[in-house]
Amino acid sequence: MNTSQLIANRQTFFGSGSLQQLPRLLTQTPLPTLLFCGRSLLRSAAWENLGPQLQPLLVGIEIVPHEASPGEIDNWVARWRGTIQRVVAIGGGSVLDAAKAVAALSQHPLNTLRYLEKVGDTAIGGATLPLIAVPTTAGTGSEVTQNAVITDKADIKVKASLRHPEFVPQIAILDPDLLRGAPEQVLVCCAVDAFTHLFEAYLSSRGNAFTRQLTLSGMQAFVRGWPQLTEGGKRGDNAREQMMLASWLGGQSLSMAGLGVIHGIAGELGAIKDYHHGEVCGRLLLPFLTLLDQSPHPQQAELMQALNTALFQQASERPAEQMKQWLMQHASLSFWQQPPSLSTDDVEWILARSNSKNALVSYSREQQRWMLDQAYRIL
């Protein structure tokens, strides 16, 4: 019998305009506070409105331009260790992960690689600075997860996490207004990442009634938001609100039930390529759904039938294929078209390291290779 553990934010603010809570939270408990963000935030209407209130409450601002490397994390820690007592992160998953890593490692003596999963030699403790996480994308769910993802594409070629239950941000502010004006490609690919978190956690060998109800709620929110995600006006606002909910629930779900073969491949691919993680997951999701309909695994078949009925109110002889067609027909843009390339050496490198994670089925190297063949141009 699987036992699941729910670890969440101590406070979660959700809804349009909830970003306005941030200045109050900072002044309520005055502490030297460092902000991590992306450059786009500083050019946004949200910053134009809120920046004059926030800047006097900050000791500094660090820009996160991409998935942070171990060296970048170490440099930030060295710069701010002993100076800051709180961290705020406003941005996408890379920004939130970098902030989580710095908040934790500023309280630990060794460098990032010593603690990093897959390559480290030292268990990380739970000491961390308080963190307020404000996502500006709806995909990773990093605002409610235990892990901070770090990527080294240059030297050791690894994408791995710093992980501890205490690393869940104390406070999350989920303001769907922050998704307005985001590029369509970003909105769509982040949303596919959120769906993949939910879907893989739903099919996880670690799942139970509790985790599957949570993932189902998230996928229902995704289905409500996916068709109108990039629209303007009230319909678009409602859709992005649903997607922000789906993303948060996806973060909860992956923490409790784990992920599957899609992320088992995507994590390794992300160690050597700069392709958007959500797009990678989406490209792999479509062939994975084809594999699902061919699977003889009885629990998978039962779960897919139940999911199909819950999401689309009808049974199907090929529920995974129906899901695949629905996702493609209702997508705001065809993210799966014009696939980028992988070399045969890239594929071999990925397959030597990929795995099925917590999937109910252990997918063979040949099946994983077929997924890559379907998702990318192999040169």
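Check the entry above for the structure.
Predicted, not measured: the structure shown is a model, and the values here were computed from it.

Attention shifts here to the packing of aromatic side chains. Tallying each qualifying case throughout the model produces nine aromatic pairs. Here the aromatic rings of Phe199 and Phe288 are separated by 6.4 Å at their centres, their planes lie at 75°, and the arrangement is edge-to-face. Taken together, the positions of Phe199 in helix 7 (residues 184–202) and Phe288 in helix 11 (residues 277–293) put the pair 89 residues apart, joining distant regions of the chain. A network of ring pairs unites the aromatic residues Phe195, Phe199, Phe222, Trp226, Phe288 and Tyr363 as a single cluster.

A sheet is described by the order of its strands in space; here six strands give the open sequence 1-8-5-4-2-3, paired in parallel fashion. Of all strands in the sheet, those bounded by a partner on one side alone are strand 1 (11–14) and strand 3 (60–63). Recorded for the sheet is a direction-independent mean angle of 15° between the axes of neighbouring strands. Most of the contacts of helix 5 (residues 93–105) go to strand 4 (residues 86–91), to which it runs at about 170°, and overall it touches strand 2 (33–37), strand 4 and strand 5 (131–135).

Attention now moves to the pattern of salt bridges. The final tally for this structure, using the stated rule, is 17 salt bridges. Among the salt bridges present, the one from Lys118 reaches Glu268, with a minimum N-O distance of 2.8 Å. Linking Lys118 in the loop between helix 6 (112–115) and strand 5 with Glu268 in helix 10 (residues 261–269), this pair joins segments that are 150 residues apart in sequence. Residue Glu268 is classed as buried on the basis of its relative accessible area, which comes to 8%. The salt bridge partner of Glu348 is Arg369, with a shortest N-O separation of 2.7 Å.

Before going further, it helps to examine the side chain of His277. Note on placement: His277 falls in helix 11. Discounting residues that sit within four places of it in the chain, His277 has contacts with Lys159, Asp193, His263 and Ala266.

Quick look at the packing of helix 12 (residues 298–312) against helix 13 (residues 319–329) now. At a minimum axis distance of 9 Å, the contact between helix 12 and helix 13 shows a crossing angle of 40°. Classed by the angle they form, the pair helix 12 and helix 13 counts as oblique. Counting all contacts with helix 12, which are made through Met304, Gln305, Leu307, Asn308, Leu311 and Phe312, the residues of helix 13 involved are Pro319, Ala320, Gln322, Met323 and Trp326. Its residues assigned to classes, the contact of helix 12 with helix 13 comprises eight nonpolar, three polar and no charged.

This part is about a nonpolar patch on the surface. A cluster of nonpolar side chains, Leu113, Val119 and Ile156, forms an exposed patch at the surface whose accessible area comes to about 210 Å². Note that Leu113 resides in helix 6. We classify Leu113 as partly exposed; its relative accessible area is 32%.

The next subject is helix 7. Here helix 7 spans 27 Å end to end across 19 residues, near enough to the 27 Å set by a 1.5 Å rise per residue. Counting buried positions along helix 7 yields 16 of 19 residues, so the element is predominantly enclosed.

This part covers unusual backbone geometry. Although it is not a glycine, Gln338 sits at a positive phi angle of roughly 50°. Looking at the element boundaries, Gln338 is found in the loop between helix 13 and strand 9 (341–342).

Below, the discussion takes up the pairing of strand 3. Here strand 3 shows a clear split, with Gly60 and Glu62 buried on one side and none of Ile61 and Ile63 buried on the other. Where strand 2 and strand 3 come together, four bridges link them in parallel fashion. Bridged to Phe36 within strand 3 is Glu62.

Bringing the side chain of His263 into the picture now. For His263, the location among the structural elements is in helix 10. Within the structure, His263 has its side chain in polar contact with the side chain of His197 (distance 3.3 Å). Contacts of His263, omitting those with residues within four sequence positions, involve Asp193, Thr196, His197, Glu200, His277, Cys281 and Lys357.

Here the focus is the nonpolar core. One finds Phe199, Phe222, Trp226, Met323 and Leu372 to be the most contacted residues of the largest nonpolar core, which totals 71 residues. Discounting chain neighbours no more than four positions away, the residues touching Leu372 are Ile265, Leu269, Leu284, Leu342, Val347, Ile350, Leu351 and Ile378. Core analysis: the second largest hydrophobic core is formed by 32 residues, Leu34, Tyr115, Leu116 and Leu131 among them.

Once that is clear, we can look at the environment of Phe222. Tracing the chain through its elements places Phe222 in helix 8 (residues 209–225). Taking the C-alpha atoms as reference points, Phe222 and Ala271, 49 residues apart in sequence, are found 28 Å from one another.

It is worth spelling out the environment of Ser217 at this point. Relative to the assigned elements, Ser217 resides in helix 8. When its relative accessible area of 29% is taken as the criterion, Ser217 is described as partly exposed. Sequence separation of Ser217 and Tyr115 is 102 residues, and the distance between their C-alpha atoms is 34 Å.

Parameters at a glance
Residues numbered from 1 in each chain as written. Predicted model: local features only at pLDDT ≥ 70, side-chain atom pairs only at ≥ 80, totals over all residues. Heavy atoms only, no water. Phe/Tyr/Trp six-rings, centres within 6.5 Å; stacked < 30°, edge-to-face > 60°. Helix = DSSP H or I, 4+ residues; strand = E, 2+ residues; numbered from the N terminus. Pairing = 2+ DSSP bridges. Axes fitted to C-alpha atoms, helices over the stretch in contact; angles between N-to-C directions. Contact = heavy atoms within 4.5 Å. Salt bridge = Lys/Arg side-chain N within 4 Å of Asp/Glu carboxyl O. Buried < 20%, exposed > 50% of the residue type's maximum accessible area, 1.4 Å probe, protein only. Parallel < 35°, antiparallel > 145°, perpendicular 65-115°, else oblique. Nonpolar A, V, L, I, M, F, W, Y, C, P; charged D, E, K, R; others polar. Patch = residues over 30% accessible without salt bridge, like charges linked within 9 Å, V, L, I, M, F, W, Y side chains within 5 Å. Areas by Shrake-Rupley, 256 points an atom, 1.4 Å probe, with all protein chains shown as cover. Expected span 1.5 Å × (residues − 1). Polar contact = N/O pair within 3.5 Å; in protein donor to acceptor, adjacent residues only side chain to side chain. Core = buried A, V, L, I, M, F, W, Y, C linked by side-chain atoms within 4.5 Å.

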